[in-house]
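A closer look at the structure
Each chain, letter by letter, is given below.
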Amino acid sequence: MSLTMHLHPLASFCWKPLIALYENGTPFDVVIVDLGNEQSRAAFLRLSPAGKMPVLRDAARGQTVPESTIVIEYLAVHYPGPTALIPADADLARQVRTADRFYDFYVQEPMQKIVGDRLRPQGQTDPFGVEQARAQLRASYAIIETEMQSRIWAVGETFTMADCAAAPALFYANKVEPFGDRFPAVGRYHDRLLQRPSFARVIEEAQPYFKFFPYNDG
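One structure accompanies this document, and this report is about it. (Residues numbered from 1 in each chain as written. Predicted model: local features only at pLDDT ≥ 70, side-chain atom pairs only at ≥ 80, totals over all residues. Heavy atoms only, no water.)

Moving on, we come to the overall build of the chain. Tallying secondary structure elements over the chain gives eight helices and four strands in all. In the chain, the order of α-helices and β-strands from amino to carboxyl end is β-α-β-α-β-β-α-α-α-α-α-α. Expressed as lengths along the three principal axes of its C-alpha atoms, the size of the chain is roughly 50 × 45 × 25 Å. Buried positions account for 47% of the 218 residues belonging to the chain. Excluding contacts between residues fewer than 6 apart, the proportion of contacts in the chain whose partners are at least 24 apart in sequence is 70%. As displayed, the chain offers around 11000 Å² of accessible surface, 53% of which is attributable to carbon and sulfur atoms. Counting 22 positive and 25 negative side-chain charges, the chain places the averaged centre of each group 2 Å from the other. (Helix = DSSP H or I, 4+ residues; strand = E, 2+ residues; numbered from the N terminus. Buried < 20%, exposed > 50% of the residue type's maximum accessible area, 1.4 Å probe, protein only. Contact = heavy atoms within 4.5 Å. Areas by Shrake-Rupley, 256 points an atom, 1.4 Å probe, with all protein chains shown as cover. Lys, Arg positive; Asp, Glu negative; His and termini not counted. Charge placed at Lys NZ, Arg CZ, Asp CG, Glu CD.)

Shown next as structure tokens:
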């Protein structure tokens, strides 16, 4: 098989291209990377010296493609399918890319700050940084709440790369800073994402690994 995804099933940024692959039924193999295993880590670092997941390897074209957004862009060009995750219209494509960046920088990143802090050793946590991250999430929820009053998906009526970014971002963000009753439109959008077969499959495959997620503080 030409395409191989190097990833970890629990990693939120790895979910983005998985959703894209499942949306279009693109065949691929998976290599699960365990950075705690010396052999697995060494093999991955040979492929991607930066050590960041996910990474797509395309054997047929001799290409190694890092970064979740770039993987989806690459797939859209070289392995397109029935779901056009990057719209052909230039202005609409720009809106999709802008929304993709928003969910990565202003939902995923602060969520990961909170999760990462829970994994720090006792006495080395960053309560101030965590509160800043929570404030950023609440501010992002407010923006999404306004946008989703009149939208089905992140950019209008069609499922795109922006929704591939939003799905894992909101899934994990809701676990560390719940939407609650204050952001009902965000909650409804989150529910639609959960019902999308491509995302439901990603979550199902991650189930055995959820026990490693630090759900509770401390």
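Once you've had a look at it, read on.
It is worth spelling out the pattern of salt bridges at this point. A full pass over the atoms with the stated rule returns twelve salt bridges. Here D100 makes a salt bridge to R101, at a shortest N to O gap of 3.0 Å. Residue classification places R101 among the partly exposed positions, given a relative accessible area of 30%. In this structure, E131 engages R138 in a salt bridge whose closest nitrogen and oxygen atoms are separated by 2.9 Å. The exposure class assigned to E131 is partly exposed, which follows from its relative accessible area of 40%. Look at R138 and you get partly exposed, because its relative accessible area is 26%. Put simply, K16, D100, R101 and D104 are held in one network by salt bridges that share partners. (Salt bridge = Lys/Arg side-chain N within 4 Å of Asp/Glu carboxyl O.)

In this section: the environment of A165. Within the secondary structure layout, A165 lies in helix α6 (residues 161–176). Note: C-alpha distance between A165 and R97 (68 residues apart in sequence) is 10.0 Å.

Turning next to the packing of helix α1 (residues 12–23) against helix α4 (residues 90–118). At a closest axis distance of 11 Å, the pairing of α1 and α4 adopts a crossing angle of 145°. Residue-level inspection shows S12, F13 and K16 of α1 in contact with α4, the latter providing D100, R101, D104, Q108, M111 and Q112. Of the residues that constitute the contact of α1 with α4, the class distribution is two nonpolar, three polar and four charged. (Axes fitted to C-alpha atoms, helices over the stretch in contact; angles between N-to-C directions. Nonpolar A, V, L, I, M, F, W, Y, C, P; charged D, E, K, R; others polar.)

With that out of the way, let us pick up the nonpolar core. If you look at the biggest cluster of nonpolar residues, it comprises 63 residues, and the most contacted ones within it are Y103, L170 and Y189. At the level of secondary structure, the elements contributing two or more residues to this core comprise β1 (3–7), α1, α3 (68–78), α4, α5 (127–147), α6, α7 (184–195) and α8 (197–206). Counting residues per element, this core draws most heavily on α6, which supplies twelve residues. Beyond its immediate chain neighbours, meaning those up to four positions away, L170 contacts Y103, V107, Y141, I144, F179, V186, Y189, H190 and L193. (Core = buried A, V, L, I, M, F, W, Y, C linked by side-chain atoms within 4.5 Å.)

All right, on to the packing of α4 against α6 then. Each packed pair of helices is defined by two parameters, the angle between the axes and the distance between the axes. In contact at an axis separation of 8 Å, α4 and α6 are set at 25° when each is read in the N-to-C sense. Our classification of the angle between α4 and α6 gives roughly parallel. For the pair α4 and α6, the crossing hand works out as left-handed. Only M161, A162, A165, A166, P168, A169, L170, Y172, A173 and V176 of α6 make contact with α4, whose side of the interface consists of V96, R97, A99, D100, Y103, D104, V107, Q108, M111, I114, V115 and R118. For the contact of α4 with α6, the class distribution of residues is 17 nonpolar, one polar and four charged. (Parallel < 35°, antiparallel > 145°, perpendicular 65-115°, else oblique. Left-handed = near helix turned anticlockwise from the far one by under 90°.)

Strand pairs in the sheet, formed through backbone hydrogen bonds, run parallel or antiparallel to each other. Pairing within the open sheet is mixed, and its four strands lie in the order β2-β1-β3-β4. Of all the strands in the sheet, the pair left with one neighbour each is β2 (29–32) and β4 (63–66). Neighbour to neighbour, the strand axes of the sheet diverge by 20° on average, direction disregarded. Looking at chain direction, β1 and strand β3 (residues 55–58) are connected through four bridges and run antiparallel. If you follow M5 over to β3, its bridge partner there is L56. (Pairing = 2+ DSSP bridges.)

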